[in-house]
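A closer look at the structure
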Amino acid sequence: MDGLAPPQVRLEMLELLVGHALDPGLVARTRQAVDRQSIAAAAAAYFLLGLDGDGGVGRFVCHTLERLVQQLIRSTEQRRVDYRGQVRGRVLWAATYKQRYTDDCDPTCFVCREVYKRYDTPENQLLKYVVEAIADCLKAVPDELREGICYLPQGAQGRLWPAKAGVPSVSTAATLSEMETTLHRLRRNVLLREIETPARITEQHLLRAQTARLEEYQRVAEIYERYRTTVPVPSWEGLVAAQGGVLLLPARPGERWIELTAAVWQTAVLRASH
């Protein structure tokens, strides 16, 4: 089973979609009627499923993020640590003799220099922020869309999710579930958990990611920019920008989400033609 609705239901919804999309007054009517909550929910769904030149958030989570977490950039710092009865790192003998002199000549005293690896860097904080933002978006997708169908642009299947030849659609639920499973496992990574989630992203976070020696961090910055312009402040412009060439239809015929999808599609097509 591919998790898709029966062909007859899919055909019925596509016919409804085309019928709405041919209405010249659809966009104005929809923008006036749609509420902020619906725009926010749809924006989260399109952000997760919409495509870009590198495959969108789905590919980022299931491929790029996997590689990044395995090779996180780290900084190192040296610390001077006093020990009793044990030695760790390099012994600083001059400091050790001085410390013993002040500690009643305790022969078990050692002053050592240890090297600590620190993963809480600006580029990793941006990564952590993006991971948490994606997790929040996954929670925000409404059931009506989650249980539906994601229609992909021609030729997109091979770059993203397995799909039968000639069938330009995938199960939205299956696709989001794959992201959720991967994200849940990666969020449990002990190194990722050491990294602080910043309250806001600054130019330093972005600059460090864009100039990092691992090019995957540049992709993190791109995903953040796409998120920033489409999700945090719900708007019609952000929703259309997040669409990314895909169509999201609910599992069952229903005017609310089909009208919204048709209006977004009509707006995107009109803009592309100008």
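Everything discussed here concerns the structure shown above.
Here is what the cut-offs are and how they apply
- Residues numbered from 1 in each chain as written.
- Predicted model: local features only at pLDDT ≥ 70, side-chain atom pairs only at ≥ 80, totals over all residues.
- Heavy atoms only, no water.
- Helix = DSSP H or I, 4+ residues; strand = E, 2+ residues; numbered from the N terminus.
- Buried < 20%, exposed > 50% of the residue type's maximum accessible area, 1.4 Å probe, protein only.
- Contact = heavy atoms within 4.5 Å.
- Areas by Shrake-Rupley, 256 points an atom, 1.4 Å probe, with all protein chains shown as cover.
- Phe/Tyr/Trp six-rings, centres within 6.5 Å; stacked < 30°, edge-to-face > 60°.
- Lys NZ or Arg CZ within 6 Å of the ring centre and 35° of its normal.
- Axes fitted to C-alpha atoms, helices over the stretch in contact; angles between N-to-C directions.
- Parallel < 35°, antiparallel > 145°, perpendicular 65-115°, else oblique.
- Left-handed = near helix turned anticlockwise from the far one by under 90°.
- Nonpolar A, V, L, I, M, F, W, Y, C, P; charged D, E, K, R; others polar.
- Polar contact = N/O pair within 3.5 Å; in protein donor to acceptor, adjacent residues only side chain to side chain.
- Salt bridge = Lys/Arg side-chain N within 4 Å of Asp/Glu carboxyl O.
- Core = buried A, V, L, I, M, F, W, Y, C linked by side-chain atoms within 4.5 Å.

Here we take up the overall build of the protein. Of regular secondary structure, the protein possesses 13 helices and 6 strands. Taking all 274 residues of the protein together, 49% fall into the buried category. Sequence separation of 24 or more characterises 79% of the internal contacts of the protein that already satisfy a separation of 6 or more. As displayed, the protein has an accessible area near 14600 Å², and 51% of this comes from carbon and sulfur atoms.

A separate point is the packing of aromatic side chains. Under the definition given, this model contains 4 aromatic pairs. A centroid spacing of 6.1 Å and a plane angle of 75° characterise the contact between Trp93 and Phe110, whose relative ring orientation is edge-to-face. Remark: Phe110 occurs in strand S3 (residues 109–118) and Trp93 occurs in helix H5 (residues 93–102); sequence separation between them is 17 residues. On the basis of relative accessible area, Trp93 is assigned to the partly exposed category, the value being 43%. On the numbers, 5.9 Å between centres and 75° between planes, the contact of Tyr129 with Tyr224 is edge-to-face. Of the two residues, Tyr129 sits in helix H6 (residues 122–140) while Tyr224 sits in helix H11 (residues 216–228), which places them 95 residues apart along the sequence. Put simply, the rings of Trp93, Tyr97 and Phe110 touch in pairs and so form one group of aromatic residues. For Arg100, the ring lying beneath its charged end belongs to Phe110, and the centroid distance is 4.8 Å.

Helix H8 (residues 172–187) packs onto helix H4 (residues 56–70) with a crossing angle of 20° between their chain directions and a minimal axis gap of 9 Å. Relative to H8, the element H4 lies roughly parallel. Crossing handedness for the pair H4 and H8: left-handed. For the pair H4 and H8, the contacting residues are Val57, Gly58, Val61, Cys62, Leu65, Glu66 and Val69 in the first and Glu178, Met179, Thr182, Leu183, Arg185 and Leu186 in the second. For the contact of H4 with H8, a count of residues per class yields 8 nonpolar, 2 polar and 3 charged.

Turning our attention to the side chain of Thr267. Tracing the backbone shows Thr267 in helix H13 (residues 255–272). Given the relative accessible area of 8%, Thr267 is considered buried. Of the polar contacts made by the side chain of Thr267, one reaches the backbone oxygen of Ala263; its length is 2.8 Å.

A full pass over the atoms with the stated rule returns 10 salt bridges. In this structure, the salt-bridge partner of Arg185 is Glu66, at a minimum N-O distance of 2.5 Å. Placement of Arg185 in helix H8 and of Glu66 in helix H4 is noted, with a sequence separation of 119 residues between them. The exposure class assigned to Arg185 is partly exposed, which follows from its relative accessible area of 43%. Among the salt bridges present, the one from Glu216 reaches Arg67, with a minimum N-O distance of 3.4 Å. Here Glu216, found in helix H11, pairs with Arg67, found in helix H4; they are 149 residues apart in sequence, far enough to count as distant. Taking relative accessible area as the criterion, Arg67 reaches 40% and is therefore assigned partly exposed. Within the structure, one salt-bridge network assembled from shared partners comprises Asp52, Asp54, Arg219 and Glu222.

Okay, the environment of Glu237 next. Within the fold, Glu237 resides in helix H12 (residues 236–242). By relative accessible area, Glu237 is classed as partly exposed at 39%. For Glu237 and Val264, which are 27 residues apart along the polypeptide, the C-alpha to C-alpha distance reads 9.5 Å. Ignoring sequence-local partners within four residues, the contact set of Glu237 consists of Arg31 and Arg271.

On to the nonpolar core. Phe47, Leu48, Phe60, Leu126, Leu127, Ile134 and Leu239 are the most contacted members of the largest nonpolar core, which has 77 residues in total. Those residues in contact with Phe60, other than ones at most four positions away along the chain, are Leu65, Leu127, Val130, Ile134, Arg219, Val220 and Ile223. One finds Val81, Val91, Phe110 and Cys112 within the second-largest nonpolar core, a separate group that totals 5 residues.

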